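Residue strings, one per chain:
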Amino acid sequence: MTAKPKPAKMPANPLWGGRFATGPAEIMARINVSIDVDRRLYAQDIAASRAHAAMLARQGILKPADAEAILGGLDRVLAEIESGNFVFKAELEDIHMNVEARLAELIGEPAGRLHTARSRNDQVATDFRLWIRDAIDALDPALKDLQLALLDRAEEHAATIMPGLTHLQPAQPVTFGHHLLAYVEMVGRDRGRFADCRTRLNECPLGAAALAGTSFPIDRDATATALGFDGPAANSLDAVSARDFAIEFLAASAIAGTHLSRLAEELILWVSDRWRFVTLSDAFTTGSSIMPQKRNPDAAELVRGKSGRLIGALHQLLIVIKGLPLAYAKDMQEDKPPVFDAADSLGLCVAATAGMIRDLRVNAAVMLEAAAGGFATATDLADWLVRVLGLPFRQAHHVTGQLVHIAEKRGVDLVGLSLEDMRAIEPRIDETVFSVLTAERSAASRTSFGGTAPQRVHEAVQAARRRFL
Ligand code: ARG
């Protein structure tokens, strides 16, 4: 057995190591480091530093020349990162210290004045709010594009008949357009949830400093305004320790993911060999390396699968935060991985779903045939008995049940019953009953507001375009 060499002692951290004789243990450095995750905050971090430096100068806390050097240096840091020339250093822990250390290399002494009247605690809280705000601003047009894809196909298939299901059993015929419009509504609410989250998160923590505020005469309104916030967060302790904005983002993401997962599950059923309601394009299916005949709905399956990540991310952050006393604790550094992962995953899922919907081919004849089976017009028969013969609905339900029973025995659908068969159960039935028993007539008759009739679907598409696009 070879003895493990003792890890070399690291030098103390240049930004906070004043009171430390030695640097961290190697394992301490490894558990502490977050740069591989939080480097994604670089643009927000630099924007917040710029706003802070400009405010410090206006308040006379920084000399104009120092502020100028800082602002110029931050621009150079930003350019280096964006051009891929920036060297991120793990020993500098996180994005805040990587940016500041590079600034010091570039401009020297004034860089050390940037951190006046702030802390990494208000810094990270500010950066993270800005990042999530940007993520919401990127997600909203993607969700809107999905609605557009659904609306276009809904309009095209306003009169395409399919079986409407409850309990996964044939219930009543519906139109495919109507079915797609259900998802337009869900996505509309998802957009609303993100918009609500954006409104609530738009308060600026900057200037809360470590937790108690600062003794410097800062102008928190100015930094808040410069960063596009509605105003400064009112309580410094809350400002640095609140993460409900991130939790809310994850909750909205998890709910949106759940909607996409349900649609993905439907697509998977619809393309299955037993259903064949739709065909996905080659662009959104994959083959099998062993079974040459396969066309697998992998994109839909991954949308369904990734909803698990979204739900997991929400739980992950709730659990991290729930036991934390005020104010900041390093546990909070664990807030970013679930949020970044959720934003990435949801972005992929939304785009893949829009792609599948735009490309899919509808097998209308197969859908219609399925809609006509399973006694799906039994409710229409019962309604006819109420409307034409004046039967109470409960009695009409019973009569219809008896007729379904006879049809089942004969191996025919309701339209396949003879008038004699029907009259044996209810002598007042006449041949006009047959007009309500086809799937098309059934769907066309459901003209109530929000109903499935093609005319209603056309109107609903127009209304949804006005509401959402
Ligand atoms: N990397 C840290 C985080 O993401 C920044 C804040 C560190 N603050 C501190 N007091 N150690 O939470």
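Right above here is the structure, for reference.
Residues numbered from 1 in each chain as written. Predicted model: local features only at pLDDT ≥ 70, side-chain atom pairs only at ≥ 80, totals over all residues. Heavy atoms only, no water.

Caption draft 1: Structural context of a nonpolar patch on the surface. Taken together, the side chains of Leu15, Trp16 and Phe20 present a nonpolar region at the surface, about 250 Å² in accessible area. In this structure, Trp16 sits in the segment before helix H1 (26–32). (Patch = residues over 30% accessible without salt bridge, like charges linked within 9 Å, V, L, I, M, F, W, Y side chains within 5 Å. Areas by Shrake-Rupley, 256 points an atom, 1.4 Å probe, with all protein chains shown as cover. Salt bridge = Lys/Arg side-chain N within 4 Å of Asp/Glu carboxyl O. Helix = DSSP H or I, 4+ residues; strand = E, 2+ residues; numbered from the N terminus.)

Caption draft 2: Main features of the pairing of strand S2 (residues 169–175). As defined by bridge partners, strand S1 (residues 161–166) adjoins S2 across 6 bridges and the pair is classed as antiparallel. Bridge pairing in S2 links Pro163 to Pro173. Connecting the antiparallel pair S1 and S2 is a turn made up of 2 residues, with His167 showing a positive phi of about 55°. (Pairing = 2+ DSSP bridges.)

Caption draft 3: Molecular detail of the side chain of Thr279. Note that Thr279 resides in strand S5 (residues 278–279). At a separation of 3.3 Å, a polar atom in the side chain of Thr279 contacts the side chain of Asn363. Those residues in contact with Thr279 that sit more than four places away from it in its chain are Arg295, Leu360, Arg361 and Asn363. (Polar contact = N/O pair within 3.5 Å; in protein donor to acceptor, adjacent residues only side chain to side chain. Contact = heavy atoms within 4.5 Å.)

Caption draft 4: Spatial organisation of the nonpolar core. Core analysis: the biggest nonpolar cluster contains 95 residues, and Ile132, Phe176, Phe194, Phe249 and Val339 have the highest contact counts within it. A total of 14 residues in this core trace back to one element, the largest contributor, which is helix H10 (residues 244–271). Every residue in contact with Phe249, bar those within four places of it in the chain, is listed here: Ile132, Ala135, Ile136, Leu139, Phe194, Cys197, Val339 and Ala343. Leu391, Val399, Leu419 and Val436 belong to the second largest nonpolar core, which has 22 residues in total. (Core = buried A, V, L, I, M, F, W, Y, C linked by side-chain atoms within 4.5 Å. Buried < 20%, exposed > 50% of the residue type's maximum accessible area, 1.4 Å probe, protein only.)

Caption draft 5: Broad picture of the site of the ligand. Inspection of the region around the ligand gives Ser34, Asp38, Asp94, His96, Arg120, Asn121, Val124, Tyr328, Lys330, Gln333 and Lys336 as its neighbouring residues. Asp94 is positioned with one of its side-chain polar atoms (N or O) 2.9 Å from a nitrogen atom of the ligand. Contacts to the ligand include Lys336, whose side-chain N or O atom sits 2.6 Å from an oxygen atom. If one sorts the elements of the shell around the ligand by residue count, helix H6 (residues 120–156) sits on top with 3 residues. Considering only residue class, the shell around the ligand consists of 2 nonpolar, 4 polar and 5 charged. (Near = heavy atom within 4 Å. Nonpolar A, V, L, I, M, F, W, Y, C, P; charged D, E, K, R; others polar.)

Caption draft 6: Layout of the packing of H10 against helix H12 (residues 336–359). Their axes nearest at 10 Å, the elements H10 and H12 cross at an angle of 30°. One finds that H10 runs roughly parallel with respect to H12. Judged by the sense of rotation from one axis to the other, the crossing of H10 with H12 is left-handed. Of H12, the residues touching H10 (which contributes Ala246, Phe249, Leu250, Ser253, Ala256, Gly257, Leu260, Leu263 and Leu267) are Pro338, Val339, Ala342, Ala343, Leu346, Cys349, Val350, Thr353, Met356 and Ile357. Tallied by class, the residues present in the contact of H10 with H12 amount to 16 nonpolar, 3 polar and no charged. (Axes fitted to C-alpha atoms, helices over the stretch in contact; angles between N-to-C directions. Parallel < 35°, antiparallel > 145°, perpendicular 65-115°, else oblique. Left-handed = near helix turned anticlockwise from the far one by under 90°.)

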